[in-house]
Amino acid sequence: MVRTISFARGAPSLDIVDVDGLRAAADQAFTSDPGGMAAYGTAVGYTPLREWIAERHQVSPKQVLVTNGSMQADAFLFDGLVDAGDTVVVERPTYDRTLLSLRNRGADVRMVELEPDGIDTEALARLLADGARPKLAHIIPNFQNPAGYTLSEAKRQRLLALAREHGFTIFEDDPYVALRFEGESLPTMLSMDPAVVVYASSFSKTVCPGIRVGYLVGPEELIAKIVKIATSTYISPNMVAQAIVNQFCRSGRIDSSIETVRQALRERAQTLCQALSEYLPDASFVAPQGGYFIWVDLPEGADVSALFNAAADRGVQFVKGSDFLLEGGESSLRLAYSGVTPEEIEEGVRRLADAYAAVGAPAHAA
Ligand SMILES: Cc1ncc(COP(=O)(O)O)c(C=O)c1O
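These figures come from a predicted structure and were not determined experimentally. (Residues numbered from 1 in each chain as written. Predicted model: local features only at pLDDT ≥ 70, side-chain atom pairs only at ≥ 80, totals over all residues. Heavy atoms only, no water.)

Turning our eyes to something else, we now look at the layout of surface pockets. Counted as a void, the largest pocket has a volume near 570 Å³. Lining the largest pocket are 25 residues, and of these Arg9, Gly10, Tyr95, Arg97 and Lys205 lie nearest its centre. Secondary-structure elements contributing two or more residues to the lining of the largest pocket are helix H4 (69-81) and helix H5 (96-104). The residue inventory of the lining of the largest pocket, partitioned by class, reads twelve nonpolar, five polar and eight charged. The computed volume of the second largest pocket comes to approximately 240 Å³. (1 Å grid on protein atoms, 1.4 Å probe; cavity = no way out; pocket = protein on both sides within 12 Å on 5 of 7 lines; lining within 4 Å. Points joined across faces, edges and corners; volume = space filled by probe spheres on them. Helix = DSSP H or I, 4+ residues; strand = E, 2+ residues; numbered from the N terminus. Nonpolar A, V, L, I, M, F, W, Y, C, P; charged D, E, K, R; others polar.)

Next comes the structure, spelled out in structure tokens:
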């Protein structure tokens, strides 16, 4: 039996999780605040962590809600803002769980093309000029899931101007921001214009996903409204996990954890790009500047569904591009390099190329 190599899951491999640091943070947290950890706490989250996050973003703690992972933050935000029939703009392609969550709420989802420097803001401007009245635009600005692309500063400004002019909220979904491995960091849209932005981020990619701690930053009144939804949903989020994250952050351990993750991801991304160029020359992609993902386009007519099965037969997994779209994407795929070592990447791409050869490249491909 060949060992499966998974490019499917957007999750880190265990070797880049600081388990010892987490154990130490848990010990410190239980020692310093057993009462705070053992109690229900409040729906806003563990107060010291809420304050740490507020300071990082230069906002008032009242603008912060700490949740069980940022998926929970997304769900609360959609519960608070999105009713059936409301128009919501998303990127094309976008994170499949967001897409599902919006569709389950009966939102009128409008996908706007994603380019290597972010959402096509002129296409969005045309959509708005044609009468679309979105409540929300969901944007993943850094190292986007699934494409790995990053929104340029000029487009951040343009998006904010469109939001102000047309009265919609930008939902800046930013779990990968700390994982830049080359180039300049760009300002968050939250810092550029907090009046029209609700921001979410997470400790899943910088600490570990199992800890399930994420957060939302937004205008005080909106956060107060969402706190009510949180209270009636679960009384309060997981105080034990949040107190551990709080110690992990305040001790500075998070900085070394981020450095470890960044270095490993940089190497993995480079290995993946090289292996694709070498073994799968039909693949076109943009090398990411950070994060977990590469989006691969195969020549038009390539059957990624057949490739998916042929790859599975060879012990390789990925996610089909069509999972991130409402329609189309049949010749694209997403590869996550976060959970695989460079050796596995090399071997995985060889198997993928073998699967591609077996299903047959489209007739007009090089
Ligand atoms: C864009 C985006 N938003 C939200 C999430 C959810 O993250 P969390 O683990 O904090 O719930 C993910 C996870 O992969 C993601 O890619």
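Back to the write-up after that little detour.
Next up on the list: empty space enclosed by the protein. The final tally for this structure, using the stated rule, is one cavity of 30 Å³ or more. In terms of lining, the largest cavity is formed by Leu298, Ala302, Asp303, Val304, Leu307, Tyr356, Val359 and Gly360.

Take the sheet that holds strand S9 (residues 214-217) next. Each strand in a sheet pairs with another by means of backbone hydrogen bonds, the pair being arranged parallel or else antiparallel. If you walk across this open sheet you meet the eight strands as S2-S9-S8-S7-S6-S3-S4-S5, and the pairing is mixed. In the strand order of this sheet, the two ends are held by strand S2 (64-67) and strand S5 (118-119), each with one partner. Bridging between strand S8 (residues 197-202) and S9 involves four bridges; their strand directions are antiparallel. By the bridge assignment for S9, Ser201 is matched with Tyr215. (Pairing = 2+ DSSP bridges.)

A few words on the site of the ligand. Inspection of the region around the ligand gives 13 residues, with Ser70, Tyr176, Ser202, Ser204 and Arg212 positioned closest. Met71 is positioned with one of its backbone polar atoms (N or O) 2.9 Å from an oxygen atom of the ligand. Taking Ser204, its side chain carries an N or O atom lying 2.6 Å from an oxygen atom of the ligand. Surface burial for the ligand is 94%, taken as the share of its 400 Å² of free accessible area covered by protein chains. (Near = heavy atom within 4 Å. Polar contact = N/O pair within 3.5 Å; in protein donor to acceptor, adjacent residues only side chain to side chain. Areas by Shrake-Rupley, 256 points an atom, 1.4 Å probe, with all protein chains shown as cover.)

This paragraph deals with the sheet that holds strand S10 (residues 293-297). An order of S10-S13-S12 is seen for the three strands of this open sheet, with the pairing classed as antiparallel. The open sheet is flanked by S10 and strand S12 (319-320), the only strands paired with a single partner. Alignment of S12 against strand S13 (residues 332-336), held across two bridges, turns out to be antiparallel. Looking at S13, one finds that Val319 is bridged to Arg334.

Our next topic: the packing of H4 against H5. Between H4 and H5, the shortest axis-to-axis distance is 11 Å and the interhelical angle comes to 25 degrees. Viewed along their axes, H4 and H5 adopt a mutual orientation that is roughly parallel. The two elements H4 and H5 cross, and the hand of that crossing is right-handed. Note on element contacts: H5 touches H4 through Arg97, Thr98, Ser101 and Leu102, opposite Met71, Asp74 and Phe78. Per-class residue counts for the contact of H4 with H5 are three nonpolar, two polar and two charged. (Axes fitted to C-alpha atoms, helices over the stretch in contact; angles between N-to-C directions. Parallel < 35°, antiparallel > 145°, perpendicular 65-115°, else oblique. Left-handed = near helix turned anticlockwise from the far one by under 90°. Contact = heavy atoms within 4.5 Å.)

With that settled, the discussion passes to the pairing of strand S6 (residues 136-139). Residues Leu136 and His138 point to one face of S6 and Ala137 and Ile139 to the other, with burial holding for every one of them. When strand S3 (residues 87-92) meets S6, the two strands line up parallel, connected through three bridges. Paired with Val90 across the two strands is His138, which belongs to S6. Relative to strand S7 (residues 169-173), S6 is paired through four bridges, and the arrangement is parallel. If you follow His138 over to S7, its bridge partner there is Phe171. The parallel pair S6 and S7 is bridged by helix H7 (residues 153-166), and the resulting crossover is right-handed. (Buried < 20%, exposed > 50% of the residue type's maximum accessible area, 1.4 Å probe, protein only. Right-handed = clockwise from strand over helix to strand, strands pointing away.)

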